[in-house]
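One letter stands for each residue in the lines below.
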Amino acid sequence: MRAILAQAFWELSLSELPVSEVLPELLAALAQSTQVLLAAPTGAGKSTWLPLQLLQHAKLPGRIIMLEPRRLAARNVAQRLAELLGEQPGATVGYRMRGENCCGANTRLEVVTEGILTRMLQRDPMLEGVSLVILDEFHERSLQADLALALLLDVQQGLRDDLKILLMSATLDNQRLRQLLPDAPFVVSEGRSFPVTRRYASLNSQQRFEEAVAREVAQLLREEPGSLLLFLPGVAEIERVKRELEARVGEEVDLSPLYGALSLDAQRRAILPSPAGRRKVVLATNIAETSLTIEGIRLVVDSALERSAQFDVRSGVTRLQTQRISQASMTQRAGRAGRLEPGICLHLLPQEQALRAAAQSEPEILNSDLTSLQIDLLQWGCREAAQLSWLDAPPPRNLRAACARLTQLGALENHQLNARGRKMAALGSDPRLSAILVAAGQNNDAIASAALLVAILEDPPRSGSVDLRDALNHPQSHWQRRARQWQKRLNASGGRINPDLFPQLLAAGFADRLAQRRGDSARYQLANGIGAMLNEQDGLSRYEWLIAPTLLQGASSADARMLLALPVEIDALRQQCPTLVEQRTDVEWDEEKGTLRAWKRELIGALVLKAQPQARPDAEILHPAMLRWIREKGLSVLGWKADAEQLRLRVQCAAQWLPQEAWPQLDDDSLLESLESWLLPEMSAVRDLKGLQSINLVSALLHLLTWSQRQRLDSVLPTHYTVPTGSRLPIRYDAEKPPALAVRIQEMFGEAQNPAVAEGRVPLVLELLSPAHRPLQITRDLAAFWRGAYPEVQKEMKGRYPKHPWPDDPANALPTRRTKKFSS
């Protein structure tokens, strides 16, 4: 029976689905190559038809793994594929996502969500029994998809040269992928199932956003038949526009929100077809851009906006910002209107603005918290991200922040995972949450408490009370179900929830989020140094100490907003977690006395528990405190002079012009990070600010260069240039401009060619001066100046400076520092 259904589906699809036209080409590409790119428009059938054809016709001996970025899409795609075979998910086709495994012994096609594929690779780098991995909707460039591709390429290169990778999307960044995968065949499926007319309209600037959007939607519904999909940047906009539409559309129109925080049942209701005689408006975030067939949609209204998460490395908090989507996303959104019949897409921006939008969305890897990525890399055996092949390399600054976070969580020693770190990595959750689970140890009550805490933080309540105790005391059924799964993973059962353990368990993963109230307000100072706040009316604001595991950095406020927080008794927490408290000596500027003053402090991060002044601390205590103070205040507190500034610039120029040498980085961030290497050796006699500012910074910076580098720097980027008269004049280096030499024109007589540095690669800018040291001419081509502009200068200067020589052939004349009567 199954074979009959599959054959019927195969024959029907050949005539109806655009991707069927390129199936022979794709099968040939997979037979010949281990890496294949497929660009297929929305609605072409690449997610809900093609995998079955590959399973049936690609002659693959093993299973197929298909990565779908979103949970709802993964479940729906698996359901659709199974239905086409006349089966339920878990037979030939199954799916796996966090906390849910619907695969069986006979499953040959597994649809998995992000993170699941990474964990599969970590457990079994060989991917035994897998022949093909499909990365669907790759244009989204999620962090986990980029990591999965990097790991899969590593597996191909070192372990499985037979493993095949297929990247699929409607809008692939072909140029970047061609650079990374130069030998991969590129298969293109032309055309949509049905044409989509794309329109553009400007929103009325005199109206509120939700009012203007609702007006355009209602107008389109009046003009055109069919159901409508409306793309909005976030949940707040969805709720506001929904309220506006309720007063503008008829009773036959159902309004259905669709976003990731909704339950799966609510999401399913949004994508089901409307009852006969009714229409619907689905108000969605970009969750509806890909892989979901929302039944009956003929019309799309695109706000052209999305909510993007931007990770702040300094604070460790994610900021949500609303931004214009890329042209690729606009194409994806428009394609939702042409799945079942000809459709219309209305973009709510002028067409010229749409054409100026970025071609592709910015990869998530460039703006994300990379702590999970870093622990995955270390578990994989990569101490350096550069060991893998990336479409976009992870930013080094974000990776350094990730290592600092893992160190704070107790997972690293000597830049490698220690025993605790390996346990955290094996759990496969967010490192902060894994730290909570590992901190529970072998105690069943602690494991039960940690499991419930992690279950709630994995899927936190989106509204309601900020007080975490409310969720812990009245856990929802899906949290309890997930907590039991964690207990099973940790080989524990029968434990009881102990509320007294929650603060110390939270501190294991979120010590930097410990918060102390500022005065009597609802504003708090966090241990990581940033501010956070509650609503003034929130009952939690009466507590002096909180720990806030869930924060959101708003676009308009300097303080982060606490989304979940738990009251803490600080003295009890100190006893339970003594390693939280650090004994440290700090120095700070005393405004009254005009000097540095030393303090001995007990701290948790930036929060001071106790402070005592120190008279004359020893150098081994004072000097590290001074370095911390410099890092806080910046390099400007040091006594910078022109020669030290020029040395920094020369090394920076050397790195640019002579990149084959391993020159040290001397930008502010790098110097602040390496103070112990270059400044500390010069601080032996320093006791105060005056001594600190008297340090010879040229001598200090030279600690960062090897002897051969110093010799090389003086040779190829000298500090001075000797002009024909023998004068040794300073070269002025600049970070953004070519190096310059100011010299009187008479001292350059006899010099036929323009002087240069960096082994002749970079000509000096000659600032030729009059005898009175006033500018005459600027040139980087002295020979051209002698031939061209010099006669005009000569004519003018002869009358103004008659006692100075102005020869007709300056390139061959004798240079001089003197007037005519003293010249030989």
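Looking at an unreviewed UniProt entry, the protein chain carries the name ATP-dependent helicase HrpB, with the source organism given as Pantoea nemavictus.

So, about the overall build of the protein chain. Within the protein chain one finds 30 helices and 33 strands. The principal-axis extents of the C-alpha atoms in the protein chain amount to approximately 110 × 70 × 60 Å. For the protein chain, the proportion of its 824 residues judged to be buried stands at 53%. Counting only contacts in the protein chain whose residues sit at least 6 apart along the sequence, the fraction spanning at least 24 positions is 67%. When the accessible area of the protein chain is evaluated, it comes to approximately 38200 Å², of which 47% is carbon and sulfur surface. Taking the average location of the 98 positive side-chain charges in the protein chain and that of its 96 negative ones, the two points are 3 Å from each other.

Those residues of helix 2 (residues 23–32) not exposed but buried are Leu 23, Leu 26, Ala 29 and Leu 30. The arc that holds every buried residue of helix 2, seen down its axis, measures 125°, which confines them to one face. Exposed positions of helix 2 whose direction lies more than 90 degrees from the buried face are Pro 24, Ala 31 and Gln 32.

Pairing of strand 14 (residues 305–312) with strand 15 (residues 317–324), which is carried by eight bridges, proceeds in the antiparallel orientation. Of the residues in strand 15, the one forming a bridge with Gln 310 is Arg 319. Linking strand 14 to strand 15, which pair antiparallel, is a turn of four residues; within it Gly 316 sits at a positive phi near 75°.

The strands making up a sheet associate through backbone hydrogen bonding, with each pair oriented either parallel or antiparallel. As summarised here, the arrangement of the eight strands in space is 4-3-5-2-6-7-1-8, forming an open sheet in which the pairing is mixed. Where the open sheet ends on each side, the last strands, each with one partner, are strand 4 (100–102) and strand 8 (186–188). For this sheet the average axis-to-axis angle between neighbouring strands, irrespective of direction, equals 20°. Sheet topology note: the strand 1 (residues 35–39)/strand 8 ladder contains three bridges and is parallel. When the sheet's bridge partners are listed, Leu 38 is paired in strand 8 with Val 187.

What follows is about the nonpolar core. The tendency in soluble globular proteins is for nonpolar side chains to be buried as a group. Formed by 66 residues in total, the largest nonpolar core has its most connected members in Ile 630, Trp 678, Leu 679 and Leu 717. If you tally residues by element for this core, the top one is helix 23 (residues 642–657), at seven residues. Every residue in contact with Leu 717, bar those within four places of it in the chain, is listed here: Arg 650, Cys 653, Ala 654, Trp 657, Leu 658, Arg 712, Tyr 733 and Ala 758. Residues Leu 452, Leu 453, Ile 547 and Leu 564 belong to the second largest nonpolar core, which totals 52 residues.

Within the open sheet, the six strands sit side by side as 9-16-13-10-12-11. Their pairing is parallel. Each edge of the open sheet is held by one strand with a lone partner, namely strand 9 (196–200) and strand 11 (253–258). Averaged over neighbouring strand pairs, the angle between their axes works out to 20° when direction is ignored. Note that strand 10 (residues 227–231) and strand 13 (residues 297–302) share five bridges and pair parallel. When the bridges of strand 13 are listed, Leu 228 appears paired with Leu 299. Packed on one face of the sheet, helix 8 (residues 209–223) meets strand 9, strand 10, strand 12 (279–284), strand 13 and strand 16 (343–347) and runs near 160° to strand 10.

Glancing now at unusual backbone geometry. With a phi close to 55°, Asn 414 is a non-glycine residue in the positive phi region. With respect to the secondary-structure elements, Asn 414 resides in the loop between strand 17 (412–413) and strand 18 (416–417). Judged by its relative accessible area of 65%, Asn 414 is exposed. Phi at Glu 759 takes a positive value of approximately 55°, unusual for a residue other than glycine. The topology assignment puts Glu 759 in the loop between strand 30 (756–757) and strand 31 (762–763).

What follows deals with the packing of aromatic side chains. Scanning all chains against the criterion turns up four aromatic pairs. With a centroid separation of 5.4 Å and 45° between ring planes, the pair formed by Phe 785 and Trp 786 is classed as tilted. The pair formed by Phe 785 and Trp 786 is uniform in burial state, with each residue classed as buried. Over the face of the ring belonging to Trp 640 we find Arg 648, whose NZ or CZ atom lies 5.2 Å from the ring centre.

Right, let's get into helix 28 (residues 707–716). Given 3.6 residues per turn, any residue in an α-helix points the same way as the ones three and four places further on. Listed as buried for helix 28 are Gln 709, Leu 713 and Val 716. Within helix 28, the buried residues cover an arc of 85° as seen down the axis, which keeps them to one side. In this structure, helix 28 carries Trp 707, Ser 708 and Ser 715 as exposed residues pointing more than 90 degrees from its buried face.

With that settled, consider the side chain of Thr 725. Locating Thr 725 in the fold gives a position in the loop between strand 27 (720–722) and strand 28 (728–732). Owing to a relative accessible area of 18%, Thr 725 belongs among the buried residues under this scheme. Here Glu 747 takes part through its side chain, which lies 2.4 Å from a polar atom of the side chain of Thr 725. Among all residues touching Thr 725, those that are not within four sequence positions of it are Glu 747, Pro 815, Thr 816 and Arg 817.

Calculation notes
Residues numbered from 1 in each chain as written. Predicted model: local features only at pLDDT ≥ 70, side-chain atom pairs only at ≥ 80, totals over all residues. Heavy atoms only, no water. Helix = DSSP H or I, 4+ residues; strand = E, 2+ residues; numbered from the N terminus. Buried < 20%, exposed > 50% of the residue type's maximum accessible area, 1.4 Å probe, protein only. Contact = heavy atoms within 4.5 Å. Areas by Shrake-Rupley, 256 points an atom, 1.4 Å probe, with all protein chains shown as cover. Lys, Arg positive; Asp, Glu negative; His and termini not counted. Charge placed at Lys NZ, Arg CZ, Asp CG, Glu CD. Arc of directions from axis to C-beta. Pairing = 2+ DSSP bridges. Axes fitted to C-alpha atoms, helices over the stretch in contact; angles between N-to-C directions. Core = buried A, V, L, I, M, F, W, Y, C linked by side-chain atoms within 4.5 Å. Phe/Tyr/Trp six-rings, centres within 6.5 Å; stacked < 30°, edge-to-face > 60°. Lys NZ or Arg CZ within 6 Å of the ring centre and 35° of its normal. Polar contact = N/O pair within 3.5 Å; in protein donor to acceptor, adjacent residues only side chain to side chain.

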